[in-house]
Amino acid sequence: MLRIESEAEQAFRREVRDWYAAELPEELRDLTFRPEPARALGWYRRLSQRGWIAPHWPKTFGGMGASPVEQVILMEEAARIGAPELPTQGLNQIGPILQRFGTPEQQARHLPAILNGDVIWCQGYSEPGAGSDLASLRTRGRVEDDEIVVTGHKIWTTWGHHADWIYALVRTNETLPRRQGITFLLIDLTSPGITRRPIRTLADENEFCEVFFDEVRVPRANVVGPLDGGWSIVTALLDEERIQLGAPSHALRALERVRRMARALGPALGEAGHLMVAEAEMEVAALTAAFLQILTGVASGKAGDPSGLKILSTETTQRVLDIAQELAGSAASLKLPEQVAGAVIDFSELFLQSRRLSIYGGTNEIQRGLIADRVLKLPKGKRP
Ligand SMILES: Cc1cc2nc3c(=O)[nH]c(=O)nc-3n(C[C@H](O)[C@H](O)[C@H](O)COP(=O)(O)OP(=O)(O)OC[C@H]3O[C@@H](n4cnc5c(N)ncnc54)[C@H](O)[C@@H]3O)c2cc1C
């Protein structure tokens, strides 16, 4: 940590550190994967009861209204103690969107359930033929009186097989231009007509799944924003998601691995190893500074560049894990955690997990295209 903190911030850091040390169960520390709901939700609820599950939500919606520095302190202390990754789609994506665009009824029904850990959400955007080109989605929603009848197929749905609700994009009007006939819907995953099929990842985990909808009846009261007018919500949600993906939380966890590895290697680290560790420290400090700058800007009403932050954050994590791989040498090929000079170190799994960071939330190539368009205002190239 290369920042200077005020006395109040230092006191908050001590409070967080002590509380985490006392409360986080040993069996949830230093996992490289996200624990399944039965294991994760107890810790989620402890954080919620402490008031720290939604640092970035305003107090009016039950959040902590934390300053950017307090948010980063929570991330740094979580990484330091090896706290697990939790389900975040409710907290980081649909929660903030309902705060901005939801009806009072939707807010009252869904926001407390997200905060309490009673409901897990997933995101139904991508389809087999609609990833980067999201507007080409084909899942249909037929409007029938007070219901929308949904038929189609979503894919790469993170935690879809563990989730209770999905927010999904459906095409409700075939006659309008592509982006104008899409509706943003909240769907209860226990509704009849839904089938889920898990997909295994490169890291050998069940992190996501396919979701099939066959004539699923959804109340019209579950539409967020106007019917056929979901595209502005899609883009607002993606911007929100990219700021959260730009947070240094993954990079901090990766850095913690590098630090532990350095401690375990001791004098065997050598000069080249010291330089690599220093590089990892500097990269993560730079990312944290960029994240703080964007959050501070957003808090004072300035639009940030979420695409640039998403690229910086995901590529920093990948570079720091590349450093961990180099330090590990031939041990990097080991699949299971190893004892190294008294420390348990997982050499390969985090590295495998990190490959996906530059794909989800919109690939980094797409983010570079957005920067060319939105930030640099470069002439448009050929579009598919
Ligand atoms: C771990 C993980 C979790 C995910 N979770 C979810 C989820 O919960 N919900 C959900 O809806 N989706 C999810 N996704 C899907 C993700 O959003 C898509 O994979 C992503 O948007 C890319 O779409 P695609 O896979 O269809 O690739 P494609 O769009 O087919 O792209 C293939 C390649 O071509 C490149 N490319 C495409 N178009 C352009 C262009 N115009 N300019 C330059 N390069 C281009 C892409 O960058 C990529 O490298 C997840 C993906 C992963 C890996």
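Reading the values: rules and limits
- Residues numbered from 1 in each chain as written.
- Predicted model: local features only at pLDDT ≥ 70, side-chain atom pairs only at ≥ 80, totals over all residues.
- Heavy atoms only, no water.
- Helix = DSSP H or I, 4+ residues; strand = E, 2+ residues; numbered from the N terminus.
- Rg over C-alpha atoms; globule rule 2.2 N^0.38 Å.
- Contact = heavy atoms within 4.5 Å.
- Areas by Shrake-Rupley, 256 points an atom, 1.4 Å probe, with all protein chains shown as cover.
- Near = heavy atom within 4 Å.
- Polar contact = N/O pair within 3.5 Å; in protein donor to acceptor, adjacent residues only side chain to side chain.
- Buried < 20%, exposed > 50% of the residue type's maximum accessible area, 1.4 Å probe, protein only.
- Pairing = 2+ DSSP bridges.
- Axes fitted to C-alpha atoms, helices over the stretch in contact; angles between N-to-C directions.
- Parallel < 35°, antiparallel > 145°, perpendicular 65-115°, else oblique.
- Left-handed = near helix turned anticlockwise from the far one by under 90°.
- Nonpolar A, V, L, I, M, F, W, Y, C, P; charged D, E, K, R; others polar.
- Salt bridge = Lys/Arg side-chain N within 4 Å of Asp/Glu carboxyl O.
- Core = buried A, V, L, I, M, F, W, Y, C linked by side-chain atoms within 4.5 Å.
- Phe/Tyr/Trp six-rings, centres within 6.5 Å; stacked < 30°, edge-to-face > 60°.
- Lys NZ or Arg CZ within 6 Å of the ring centre and 35° of its normal.

Draft legend 1. Seen up close, the overall build of the protein. Helix and strand counts for the protein stand at 11 helices and 10 strands. In terms of C-alpha radius of gyration, the protein reaches 21 Å, essentially the compact-globule figure of 21 Å for 384 residues. In terms of its C-alpha atoms, the protein occupies a principal-axis envelope of roughly 70 × 45 × 40 Å. When contacts within the protein are restricted to residue pairs at least 6 apart in sequence, long-range pairs at least 24 apart make up 74% of them. Accessible surface, the protein: about 17800 Å² in total, of which carbon and sulfur atoms supply 55%.

Draft legend 2. View of the site of the ligand. Neighbouring the ligand are 16 residues, the closest being Ser126, Ser132, Trp156, Thr158 and Thr363. Here Trp156 contributes a backbone N or O atom positioned 2.8 Å from a nitrogen atom of the ligand. Measuring from an oxygen atom of the ligand, one finds a side-chain N or O atom of Glu365 at 2.8 Å. For the ligand, whose accessible area on its own is 970 Å², the fraction buried by protein is 66%.

Draft legend 3. Focus on the pairing of strand S1 (residues 121-124). What you see with S1 is no split at all: Trp121 and Gln123 on one side and Cys122 and Gly124 on the other are buried throughout. Note that S1 and strand S4 (residues 165-171) share 4 bridges and pair parallel. Among the inter-strand pairings, Trp121 is bridged to a residue of S4, identified as Trp165.

Draft legend 4. Molecular detail of the packing of helix H4 (residues 89-101) against helix H5 (residues 104-116). At a minimum axis distance of 10 Å, the contact between H4 and H5 shows a crossing angle of 160°. Between H4 and H5, the interaxial angle falls into the category roughly antiparallel. Once H4 is placed against H5, the crossing between them reads as left-handed. Along its contact with H4, which presents Gly90, Leu91, Ile94, Gly95, Leu98 and Gln99, the element H5 presents Gln106, Gln107, His110, Leu111 and Ile114. Residues of the contact of H4 with H5, tallied by class, amount to 5 nonpolar, 6 polar and no charged.

Draft legend 5. Broad picture of the pattern of salt bridges. Summed over all chains, the structure comprises 30 salt bridges. Across the pair Lys154 and Glu127 runs a salt bridge whose closest N-O atoms are separated by 2.8 Å. Pair noted here: Lys154 is in strand S3 (residues 147-158) and Glu127 is in the loop between S1 and strand S2 (140-144), with a separation of 27 residues, a long-range link. Comparing Lys154 with Glu127 shows no difference in burial state: the two are buried.

Draft legend 6. Seen up close, the nonpolar core. In terms of nonpolar packing, the biggest core is built from 105 residues, with Tyr20, Phe184 and Ile187 touching the most fellow members. It is helix H8 (residues 270-299) that provides the largest number of residues to this core, a total of 10 residues. Leave out the neighbours within four places in its chain, and Tyr20 touches Arg29, Trp43, Leu47, Trp52, Leu74, Glu77, Ala78, Ile81 and Ala83.

Draft legend 7. Summary view of the packing of aromatic side chains. Going through the model one piece at a time under the given rule, you end up with 11 aromatic pairs. For the ring pair Phe12 and Trp52, a centre distance of 5.9 Å and an interplane angle of 85° mean the geometry is edge-to-face. Within this pair, whereas Phe12 is found in helix H1 (residues 7-23), its partner Trp52 is found in the loop between helix H2 (37-50) and helix H3 (68-81), the two being separated by 40 residues in sequence. Residue class for Phe12 comes out buried when judged on its relative accessible area of 9%. With a relative accessible area of 6%, Trp52 lands in the buried category. Cluster of aromatic residues (ring-pair linked, three or more members): Phe12, Trp19, Tyr20, Trp43 and Trp52. The side chain of Arg355 reaches across the aromatic face of Phe351, ending 4.5 Å from its centre.

Draft legend 8. Broad picture of unusual backbone geometry. For Asp204, which is not glycine, the phi dihedral falls at a positive 70°. Structurally, Asp204 can be placed in the loop between strand S6 (194-199) and strand S7 (208-219). The phi dihedral of Asp228 falls on the positive side, at around 70°, and the residue is not glycine. As for its placement among the helices and strands, Asp228 is situated in the loop between strand S8 (223-224) and helix H6 (231-245). Accessibility expressed as a relative area gives 17% for Asp228, which makes it buried.

Draft legend 9. Structural view of the environment of Met64. Mapped onto the elements of the fold, Met64 is located in the loop between H2 and H3. Note: C-alpha distance between Met64 and Glu5 (59 residues apart in sequence) is 19 Å.

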